[in-house]
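# Per-entry structural report
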Amino acid sequence: MSDRNPAASADPTTLSAVQRNAVAELLRIAPVADRLAELFDEAGHQLHLVGGSVRDALMGRLGEDLDFTTSARPDEIERLLRRLTPAVWDVGKAFGTIGARVSRDDGPDWIIEITTYRADTYRDDSRKPEVAFGDTLEGDLIRRDFTVNAMAITLGSRTFVDPHHGLGDLAAGVLRTPSAPEVSFSDDPLRMMRAARFTSQLSSGEQRFAPDAAAVAAMVNMAERIEIISAERVRDELCKLLLTDSPRPGINLLVETGIAERVLPELPAMRLERDEHHRHKDVYEHSLTVLDQAIDIERARGHEPDLVSRLAALLHDIGKPATRKFEPGGKVSFHHHDVVGAKMTRKRMKALRFSSEEIAQVSKLVELHLRFHGYGEAKWTDSAVRRYVRDAGDQLERLHILTRADCTTRNNRKAARLRRAYDDLEARIDELAAQEELDAMRPDLNGEEIMEILDIKPSKTVGEAYRHLLDLRMEHGPLGRERAEEELRRWWAEQP
């Protein structure tokens, strides 16, 4: 089934908001789209704008990344694209995808991906899809994840193709699979995680998206199927969810359907039952609130969406279930949950194949997230402030965000007191940084100077001397070379 594209209408005043969005976006991409259509038509192939590109065009949010599908096979796609631009890559060729960059004078370059009609499936025990090329657009669309991503615009004729009523689902905010959800999720189980990501990614303003009841039921019944997906693909989908404007709805969907239990079990484990007197917070809900607040603070401080900061906010309390203890008098404690949580964070992120750098950054923030507490009651010395900065290192700004976001108390007076205390700490850090270049904190003597003064060769003793001088710097501020040398010789004389 196909409908004539609304771009053909001569009277813009008769168009719906969705149609106006489509017209504006199609006119914007027309130069590159029309040239591509001409190339493929001359070669006897159909070419269609498809998937997320059509969805985003209808929503008025199409960017510079354009997705197409075609009857041409990968070698032919590559040959045709090279007639348009020299910037062509074939890293997805095994899956039928050829990419290209097309420059333009009036804005950022177009990033184009063209894929042969496909029909991918997974075997029950496989972690990689079996790629099968299809022969029709209809066959390609029914294999898409959701109907809102199963619409196409045939270039040249500009025909709108919507065999699964994705336009209606887009208007209603419904995530529905083109085929039965059991078939769709079995073909590619990662689609269950995409349902969570789109629940967050597509929602904005008054409009909210959610899977239909059939999709949710299938996610619950097929949750274990996600285990055949590689850790890298699971990680990438989780990252895309966390980097949306509002990850909470998608995270809730993963937890409620049991999928989180398979990919990030520490998350549902934080849903601790409250004690009968409600003397401690629900750790899971608290963590989501911290994530929400971290995103707000991140935005207010002028930062782009930051994966490390958001992971730290979500995982900062994952050590609590393992450290929970019911104390006399009905109190609940979570002693050392920061240290335990950092260890758990490293283990889970390693299992999900995050980079070593990301693992180190997130686990450091989890370990340090309690460090600030107590500052308001007993004002720190300059030495303590220096140590706070030194321990945070290049994660200081992220630690600022996490610590501020971690205040979720409903007691307005307490919340205001914590904000003032952290304002004061940041002001002191800025003041000391201006005085001492705190961001580049080092001892007054480097390793080579230590070896020359003590007349020793490279050894662990040099490191011990370096740390001693760094401790003195932390405690007293800059010493100057002369006093640093005196302190070094004094330390050396005391060694066995």
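Per chain, residue numbering runs from 1 following the sequence as it is written. pLDDT decides what is reported in this predicted model: residues at 70 or higher carry local features, side-chain atom pairs at 80 or more are listed and counted, and totals for whole chains, interfaces and linings draw on all residues regardless. Hydrogen atoms and water are omitted, and side-chain values are computed over all heavy atoms in the structure.

## Thoughts on the overall build of the protein
Only DSSP runs of H or I with at least four residues qualify as helices, and only runs of E with at least two residues qualify as strands; both kinds are numbered from the N terminus onward. In terms of helices and strands, the protein carries 23 helices and twelve strands. By its C-alpha atoms, the protein is 85 × 60 × 50 Å across when sized along the principal axes. Looking at the 496 residues of the protein, the share that counts as buried comes to 49%. Any two residues having at least one pair of non-hydrogen atoms within 4.5 Å are treated as being in contact. In the protein, of all internal contacts separated by at least 6 residues, the share reaching a separation of at least 24 is 66%. The average position of the 72 basic charges and that of the 86 acidic charges among the side chains of the protein differ by 4 Å. Each residue's exposure class comes from its accessible area (1.4 Å probe, protein chains only) as a fraction of the maximum for that residue type: buried when under 20%, exposed when over 50%, partly exposed otherwise. Charge assignment: positive for Lys and Arg, negative for Asp and Glu; neither His nor the chain ends contribute. Every charge is mapped to an atom, namely NZ of Lys, CZ of Arg, CG of Asp or CD of Glu.

## Regarding helix 14 (residues 307-315)
Burial of helix 14 is extensive: nine of the nine residues sit out of reach of the surface. Looking only at helix 14, the buried set comprises Leu307, Val308, Ser309, Arg310, Leu311, Ala312, Ala313, Leu314 and Leu315.

## Re the packing of helix 17 (residues 356-368) against helix 19 (residues 396-405)
Where helix 17 meets helix 19, the axes come as close as 10 Å, and the angle between the chain directions of the two elements is 45°. As summarised for this structure, helix 17 and helix 19 are arranged oblique, according to the angle between their axes. The two elements helix 17 and helix 19 meet at a crossing, and its hand is right-handed. Listed contacts from helix 19 to Gln361, Leu365 and Leu368 of helix 17 are Arg398, Leu399 and Leu402. Residue polarity is assigned by list, with Asp, Glu, Lys and Arg as charged and Ala, Val, Leu, Ile, Met, Phe, Trp, Tyr, Cys and Pro as nonpolar; anything else, Gly included, falls into the polar class. A per-class count over the contact of helix 17 with helix 19 returns four nonpolar, one polar and one charged. Working convention: axes come from line fits to C-alpha atoms, limited for helices to the stretch in contact. Angles between N-to-C directions cover 0 to 180 degrees. We call two directions roughly parallel when the angle between them is under 35 degrees, roughly antiparallel when it is over 145, roughly perpendicular when it lies between 65 and 115, and oblique otherwise. A clockwise turn of the near helix away from the far one marks a right-handed crossing, whereas an anticlockwise turn of less than a right angle marks a left-handed crossing.

## Quick look at the confidence of the model for the protein
Per-residue confidence for the protein averages 88 on the pLDDT scale, and 91% of its residues sit at or above 70. As a per-residue measure, pLDDT reflects the predictor's confidence and takes values from 0 up to 100. Here residues 1-14 is modelled with pLDDT under 50, and outside its nearest four sequence neighbours on either side it reaches 26 contacts, counting other chains as well. In this model, residues 275-280 is a region of pLDDT below 50 whose contacts with residues beyond four sequence positions or in other chains number eleven contacts.

## Description of the environment of Asp212
Inspection of the secondary structure puts Asp212 in the loop between strand 10 (210-211) and helix 8 (213-221). The spatial distance from the C-alpha of Asp212 to the C-alpha of Ala223 is 16 Å, given a sequence separation of eleven residues. Residues in contact with Asp212, not counting those within four places in the same chain, are Val174, Leu175 and Arg176.

## A closer look at the pairing of strand 3 (residues 65-70)
Along any regular strand, the residues point their side chains to alternate faces of the sheet. In this scheme, strands are said to pair when DSSP sees at least two bridges between them. For strand 2 (residues 47-50) and strand 3, the ladder comprises three bridges, and the chain directions are antiparallel. By the bridge assignment for strand 3, His48 is matched with Thr69. Relative to strand 6 (residues 110-116), strand 3 is paired through six bridges, and the arrangement is parallel. Opposite Phe68, over in strand 6, you have Ile114 as the bridge partner.

## Concerning the packing of helix 13 (residues 283-300) against helix 19
Put simply, helix 13 and helix 19 touch, their axes get as near as 8 Å, and they point 130° apart. Here helix 19 runs oblique to helix 13, going by the angle between their axes. In this structure, the crossing between helix 13 and helix 19 has a hand that is right-handed. Contact residues: Val290, Gln293, Ala294, Ile297 and Glu298 in helix 13; Ile401, Leu402, Arg404 and Ala405 in helix 19. In terms of residue class, the contact of helix 13 with helix 19 is made up of six nonpolar, one polar and two charged.

## Focus on the pattern of salt bridges
Salt bridge criterion: a side-chain nitrogen from Lys or Arg within 4 Å of a carboxyl oxygen from Asp or Glu. Scanning the entire structure with this criterion turns up 44 salt bridges. Between Glu298 and Arg310 there is a salt bridge whose closest N-O contact spans 2.6 Å. Residue Glu298 is found in helix 13, and its partner Arg310 is found in helix 14; the two are separated by twelve residues along the sequence. Three or more residues joined by partner-sharing salt bridges are found here, namely Glu25, Arg28, Glu64, Arg104 and Asp106.

## So, a positive patch on the surface
A contiguous patch of positive charge, built from Arg413, Lys414, Arg417, Arg419 and Arg420, is present on the exposed surface. Residue placement: Arg420 occurs in helix 20 (residues 412-436). For patches, a residue must show more than 30% relative accessible area and have no salt bridge; joins then use 9 Å for like charges and 5 Å for nonpolar side chains, namely Val, Leu, Ile, Met, Phe, Trp and Tyr. Calculation of accessible area relied on Shrake-Rupley with a 1.4 Å probe; when residues are assessed, cover is drawn exclusively from the protein chains displayed.

## Brief notes about the side chain of Thr154
With respect to the helices and strands, the residue Thr154 is situated in strand 7 (residues 152-154). Polar contact criterion, stated in full: a pair of N or O atoms within 3.5 Å, where within protein one must be able to donate a hydrogen and the other to accept it, and residues adjacent in sequence count only if both atoms are side-chain atoms. A polar side-chain atom of Thr154 sits 2.9 Å from a polar atom in the side chain of His48. Non-local contacts of Thr154, meaning those with residues more than four positions away in its chain, are made with Leu47, His48, Thr159 and Val161.

## Considering helix 18 (residues 382-392)
Taken together, the buried positions of helix 18 are occupied by Ser383, Val385, Arg386, Tyr388, Val389 and Ala392. Following helix 18 by one or two positions, Gly393 has its phi on the positive side, about 55°.

## Here's the deal with the packing of aromatic side chains
Centres within 6.5 Å make a pair out of two Phe, Tyr or Trp rings, where for Trp the six-membered ring is used; the pair is then stacked when the planes are under 30 degrees apart, edge-to-face when over 60, and tilted otherwise. If you walk through the whole model with that rule in mind, you get four aromatic pairs. Here Phe372 and Tyr422 contribute two aromatic rings whose centre-to-centre distance is 4.7 Å and whose plane-to-plane angle is 65°, an arrangement assigned as edge-to-face. Residue Phe372 is found in the loop between helix 17 and helix 18, and its partner Tyr422 is found in helix 20; the two are separated by 50 residues along the sequence. Judged by relative accessible area, Tyr422 falls into the buried class, the value being 1%. The rule is short: NZ of Lys or CZ of Arg within 6 Å of the ring centre and within 35 degrees of the ring normal puts a charge over the ring. Sitting over the face of the ring of Trp110, Arg104 holds its NZ or CZ atom 3.9 Å from the ring centroid. The aromatic ring of Phe334 is capped on one face by Lys320, whose charged end is 4.8 Å from the ring centroid.

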